[in-house]
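What follows is the residue order along each chain.
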Amino acid sequence: LLHGWGLHSVVWDPVVPALLEQFQVTVIDLPGLGRSPMPAGDYDLDYVMAHVLRVAPARAVWLAWSLGGEVATAIAARHPERVSALCLVAANPCFVQRPDWPAAMPESVFRQFRDLFDEDRDGTLIRFLSLQCRGSARMKEDIRFLQEIMYLQGLPALKALRSGLQLLGDLDLRAEFAALTQPVQAILGASDYLVPAALGDALRHLLPTLDLAVIEGSGHVPFLAQPELFLQAFQDFVREHALC
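Conventions we followed
- Residues numbered from 1 in each chain as written.
- Predicted model: local features only at pLDDT ≥ 70, side-chain atom pairs only at ≥ 80, totals over all residues.
- Heavy atoms only, no water.
- Helix = DSSP H or I, 4+ residues; strand = E, 2+ residues; numbered from the N terminus.
- Rg over C-alpha atoms; globule rule 2.2 N^0.38 Å.
- Buried < 20%, exposed > 50% of the residue type's maximum accessible area, 1.4 Å probe, protein only.
- Contact = heavy atoms within 4.5 Å.
- Areas by Shrake-Rupley, 256 points an atom, 1.4 Å probe, with all protein chains shown as cover.
- Lys, Arg positive; Asp, Glu negative; His and termini not counted.
- Charge placed at Lys NZ, Arg CZ, Asp CG, Glu CD.
- Phe/Tyr/Trp six-rings, centres within 6.5 Å; stacked < 30°, edge-to-face > 60°.

Considering the overall build of the chain
- Looking only at helices and strands, one finds 11 helices and four strands in the chain.
- Taking 2.2 N^0.38 as the reference for a compact globule, 244 residues should give roughly 18 Å; the C-alpha atoms of the chain span a radius of gyration of 16 Å, in line with that estimate.
- Once the C-alpha set of the chain is aligned to its principal axes, its extents read approximately 50 × 40 × 40 Å.
- Within the chain, the fraction of its 244 residues that count as buried is 55%.
- Counting contacts in the chain only where the partners sit at least 6 residues apart, residues at least 24 apart contribute 71% of the total.
- Per element, the accessible surface of the chain, about 10300 Å² overall, is 52% carbon and sulfur.
- In the chain, 19 side chains carry a positive charge and 28 a negative one; their mean positions are 2 Å apart.

Topic: unusual backbone geometry
- The backbone of Ala 90 sits at a positive phi, close to 50°, despite the residue not being glycine.
- Relative to the helices and strands, Ala 90 is located in the loop between strand 2 (83-89) and helix 4 (107-119).
- At Ala 242, a position not held by glycine, the phi torsion is positive, near 50°.
- Relative to the elements of secondary structure, Ala 242 occurs in the segment after helix 11 (227-240).
- Here Ala 242 falls in the exposed class, since its relative accessible area comes to 63%.

Quick look at the packing of aromatic side chains
- Per the counting criterion, the structure on display carries 10 aromatic pairs.
- Ring geometry for Trp 5 versus Phe 128: centroids 5.0 Å apart, planes at 85°, classification edge-to-face. With Trp 5 in the segment before helix 1 (16-20) and Phe 128 in helix 5 (residues 121-133), the pair connects residues that are 123 residues apart, well separated along the chain. Each member of the pair, Trp 5 as well as Phe 128, is classed as buried.
- The interplanar angle of 70° and the centroid separation of 6.3 Å between the aromatic rings of Phe 95 and Phe 110 together place this pair among those described as edge-to-face. Remark: Phe 110 occurs in helix 4 and Phe 95 occurs in the loop between strand 2 and helix 4; sequence separation between them is 15 residues. You'll find Phe 95 and Phe 110 in the same group, each marked buried.
- Every member of this aromatic cluster is reached through a ring pair, and the members are Trp 5, Phe 113, Phe 117 and Phe 128.

Shown next, in the form of structure tokens:
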């Protein structure tokens, strides 16, 4: 399991018990977040992949959310022997809009968010939690949970936060995504403010074999907003491809 920007692996706690009924589960904190150290080096995609692969199982089903989904996509493309299947949760291979990729966050909105982060890190993190939960059927509860866990593992490294935003703004993994040979599922929130549900059609255009699930009553964190529907979608994918 890989988490997204600004948080850590505890975000998965609401669904881990159900996953443990079927799988041996490994939760990984991205470098500089949660309990993962911040090793020296340039915090780019290769750096993140190397440190994740160092602690990941030799081969596994990867369940990855948001920025973690981009990291997992790159790993599945470049190290296919490590990934037996990939489930991407509210993850966009190209997070910020391009002229030929409208199903993403507008570039002006992302740039404004990044500029605000440089001025007020803590305030931007809190605002980001609200944006992630917008559209959730249980928005207040979801925001409260994310606020409670935000600093549970200590302060995130500033370098990890700033460089993670840089990755979200710069990465374009559409070609890698289209070339994936493993079973791939995308689970999207129907009301996601950050990764629009319209992305599903664009992803299927890149990868026609994609298994797609859109969760109603969910924003950017479907495993919090609708854990039962989320688990059902993932378990259907697991059964279809005999992954456990």
